[in-house]
Amino acid sequence: MTRVLQGTGKGMVKANPPIDKVRALQRALYVAAKRNGRRKFPALYDRIALPNVLRRAWEQVRRNKGAAGIDGETLQAIEAYGVERMLVELRVLLEQGRNRPQAARRVYIPKPGRPSEKRPLSIPRIRDRVLQTAARLVLEPIFEASFLPCSFGFRPKRSAHQALELIRKEVNARARWVVEVDFKDFFGSLDPGLLLGLVARRVSDRRVLRLIRQWMSAGVMEDGLTVSAATGVPQGGSISPLLSNVYGHALDALWAKEARHLGSIVRYADDALILCRSEADAQHAYRWLQRTAQALKLSLHPVKTRVIGLEHGAEGFEFLGFHHRMVKSHRYARWYCQRWPSGRAMASIRAKVKQITAPRYRLKWPIGDLVAELNPVLKGWGNYFRWGNSARKFSQIDDYVRERLALFDSKKRQRSGRRWAEVHTKAWFAGLRVSRLSGTVRYFSSATART
């Protein structure tokens, strides 16, 4: 055995870094919640206030690079002020029960593919986001132990692509009738009393419940006026995705208990589908959904919530940015569920490309600068939509990008037109090193179908 000199530190076990202590806490909470599905956790407030948890929460908030709240305090301002100093202040406020969240700053962002429509977004101040993230770090493992496999949105190790792949397999396995589910203002219509009651099924710490109630009632500030929120959770807050999943889990659990014989439900946050094998089952599922939504105090969109049939490609549906439809294989003479970017997704990427290439003030720029700005946009969009049957749509976007750059180059040289033959050839386009989408399509597994 090798002897180690005392006091040198060699051979000594190193202490776990703070992030490992947080993970150990989360693992312990998850195991305890999984072992007993009815257990209530009474002492969570002090764990939210742990220095390691607050530090981990700050790191996540900083990584997300969010904007300032109504107090105007930015991430850079906090770093200049002193991160540790700020975290100590938050901990003292929590321990003394003096924390009071401020109203969130209300902004409006365009909806993808629908620039004329705006989506409200609430931005809490950074200090409130740190506390919300700390609470999520502690509470999430407890509720994760109960969430069902049909839920995919805002959950660890689960993704939109997994939900999409499950839909493809279910439809190929003869689930050819679909109930499209669309809730009106899901985040803004969550009932506070019902939500707190659902949280209280697993959390009996009154201080934690009071903290959540404060975040829900803090309201938003718009045009200098504070508007109190009678219902809902602020869409944009760090705790909001978890709270929405707690609420959505009530729908999942009721389906599993009362209606799973009708088909399968797939939910991603407030977007959901019910996949059935017959029209009768789909109609029963639709009526069940109406009753259950009313019981949960949710409103269904009267037009967008509907029953559609997929047999022989008669209709299709859109979910998580993709258009889904049955397509007949010429090789095997069978119908398979395929997906590709929806019309809104195509309109969204075209709008972004045009926004970069169309402004006249950019004619002074080298075309390489435009390409440098375009490439991350194209890569990000392509990385999401390449998991499907997107080859034709990708080729259309490549052609559109080439056209926009050709028009830019012509205007820059005080010419007109695209000049495909003499100037803007395929070789010219290839020389620009634009990120091409064609050839990047990927598939999870071989398609399977039943006739």
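In this text the structure is predicted, and so the values were computed from the model without any measurement.

1. Some details on the overall build of the protein chain
- Counting its regular elements, the protein chain contains 15 helices and 11 strands.
- Along the three orthogonal principal directions, the C-alpha set of the protein chain runs to about 75 × 70 × 60 Å.
- With 451 residues in all, the protein chain has 46% of them scored as buried.
- Pairs at least 24 residues apart make up 70% of the contacts formed inside the protein chain by residues separated by at least 6 positions.
- In the form shown here, the protein chain has an accessible surface area of approximately 23,900 Å², with 51% of it arising from carbon and sulfur atoms.

2. Remarks on the nonpolar core
- The biggest cluster of nonpolar side chains holds 75 residues, and the ones touching the most others in it are Leu-44, Trp-58, Val-199 and Ile-212.
- The leading source of residues in this core is helix H6 (residues 126-144), at 10 residues.
- Once residues within four sequence positions are removed from consideration, Ile-212 is found in contact with Leu-139, Leu-196, Val-199 and Leu-243.
- Judged by nonpolar contacts, the second largest core, of 47 residues, contains Leu-273, Phe-394, Leu-432 and Val-441.

3. What about the packing of aromatic side chains?
- According to the stated counting rule, one finds 10 aromatic pairs in the structure shown.
- Measuring from centroid to centroid gives 5.6 Å for Phe-183 and Phe-186, while their planes differ by 45°, and the two rings are tilted.
- Look at Phe-183 and you get buried, because its relative accessible area is 8%.
- Using a relative accessible area of 4% as the deciding quantity, one classes Phe-186 as buried.
- Both rings, one in Phe-322 and one in Phe-385, keep their centres 4.9 Å apart while their planes meet at 55°; by these two values the pair is tilted. In this pair, Phe-322 is assigned in strand S10 (residues 322-328) and Phe-385 in helix H13 (residues 367-385), connecting sequence segments 63 residues apart. Pair check on accessibility: Phe-322 and Phe-385 agree, each one buried.
- Taken together, Phe-322, Trp-381, Tyr-384, Phe-385 and Phe-394 form an aromatic cluster joined through their ring pairs.
- Across from the ring centre of Tyr-81, 5.3 Å away, lies the NZ or CZ of Arg-127, which sits over that ring.
- Here the guanidinium or amino end of Arg-158 rests over the ring plane of Phe-152, the centre of that ring lying 4.4 Å away.

4. Thoughts on the environment of Leu-310
- Turning to its location among the elements, Leu-310 is positioned in the loop between strand S8 (306-309) and strand S9 (316-319).
- Accessibility expressed as a relative area gives 1% for Leu-310, which makes it buried.
- Spatially, the C-alpha atom of Leu-310 lies 32 Å from that of Gly-188, the residues being 122 residues apart in sequence.
- With sequence-adjacent residues up to four places away left out, Leu-310 is seen in contact with Val-171, Ala-175, Arg-176, Val-178, Glu-315, Gly-316, Phe-317 and Met-326.

5. Let's talk about the side chain of Asp-252
- For Asp-252, the position within the fold is in helix H10 (residues 240-258).
- The contact partners of Asp-252, leaving out residues within four places of it in the chain, are Leu-148, Cys-150, Ser-151, Ile-265 and Arg-267.

6. Overview of the environment of Gln-396
- Relative to the elements of secondary structure, Gln-396 occurs in helix H14 (residues 391-412).
- The contact partners of Gln-396, leaving out residues within four places of it in the chain, are Met-346 and Arg-350.

7. Thoughts on the pattern of salt bridges
- The tally for this structure, following the rule as stated, stands at 23 salt bridges.
- Salt-bridge contacts for Asp-252 lead to Arg-267; the nearest nitrogen and oxygen are separated by 2.8 Å. With Asp-252 in helix H10 and Arg-267 in strand S6 (residues 264-268), this pair connects stretches of sequence that are 15 residues apart. Note on accessibility: Asp-252 and Arg-267 belong to one class, buried.
- Sharing partners across several salt bridges, the network here consists of Arg-55, Glu-59, Arg-62, Glu-79 and Glu-84.

8. Some thoughts on the sheet that holds S10
- Spatially, the three strands line up as an open sheet ordered S9-S10-S11, and their pairing is antiparallel. Where the open sheet ends on each side, the last strands, each with one partner, are S9 and strand S11 (335-341). Across the sheet, the axes of successive neighbouring strands diverge by a mean angle of 30°, strand direction being ignored.
- Pairing geometry for S9 and S10, over four bridges, is antiparallel. Note that in S10 the partner of Glu-318 across the bridge is His-323.

9. Here's the deal with the pairing of strand S3 (residues 177-182)
- Judged from the six bridges that link them, S3 and strand S7 (residues 271-276) form a sheet pairing that is antiparallel. Following the sheet pairing, Val-179 is matched in S7 by Ile-274.
- Sheet topology places S3 next to S8; four bridges connect them, and they run antiparallel. In the strand pairing of S8, Glu-180 is matched with Arg-306.

10. Thoughts on the side chain of Arg-339
- Its location among the elements puts Arg-339 in strand S11.
- A distance of 3.0 Å separates a polar side-chain atom of Arg-339 from the backbone oxygen of Trp-387.
- In this structure, Arg-339 is in contact with Leu-164, Glu-165, Arg-168, Phe-322, His-323, His-324, Trp-387, Gly-388, Asn-389, Ser-390 and Phe-444, ignoring residues within four places of it in sequence.

11. What about the sheet that holds S6?
- What the four strands build is an open sheet, ordered S6-S7-S3-S8; its pairing is antiparallel. In this open sheet, the two edge strands, each paired with only one partner strand, are S6 and S8. The average angle at which neighbouring strand axes cross in this sheet is 20°, direction not considered.
- Strands in contact with helix H7 (residues 160-172) are S6 and S7; relative to S6, the strand with the most contacts, it is inclined by about 160°.
- Helix H11 (residues 279-295) contacts S3, S7 and S8 of the sheet and is inclined by roughly 20° relative to S3.

About the cut-offs
- Residues numbered from 1 in each chain as written.
- Predicted model: local features only at pLDDT ≥ 70, side-chain atom pairs only at ≥ 80, totals over all residues.
- Heavy atoms only, no water.
- Helix = DSSP H or I, 4+ residues; strand = E, 2+ residues; numbered from the N terminus.
- Buried < 20%, exposed > 50% of the residue type's maximum accessible area, 1.4 Å probe, protein only.
- Contact = heavy atoms within 4.5 Å.
- Areas by Shrake-Rupley, 256 points an atom, 1.4 Å probe, with all protein chains shown as cover.
- Core = buried A, V, L, I, M, F, W, Y, C linked by side-chain atoms within 4.5 Å.
- Phe/Tyr/Trp six-rings, centres within 6.5 Å; stacked < 30°, edge-to-face > 60°.
- Lys NZ or Arg CZ within 6 Å of the ring centre and 35° of its normal.
- Salt bridge = Lys/Arg side-chain N within 4 Å of Asp/Glu carboxyl O.
- Pairing = 2+ DSSP bridges.
- Axes fitted to C-alpha atoms, helices over the stretch in contact; angles between N-to-C directions.
- Polar contact = N/O pair within 3.5 Å; in protein donor to acceptor, adjacent residues only side chain to side chain.

Fair warning: the whole summary comes from geometry, so function is off the table for now.
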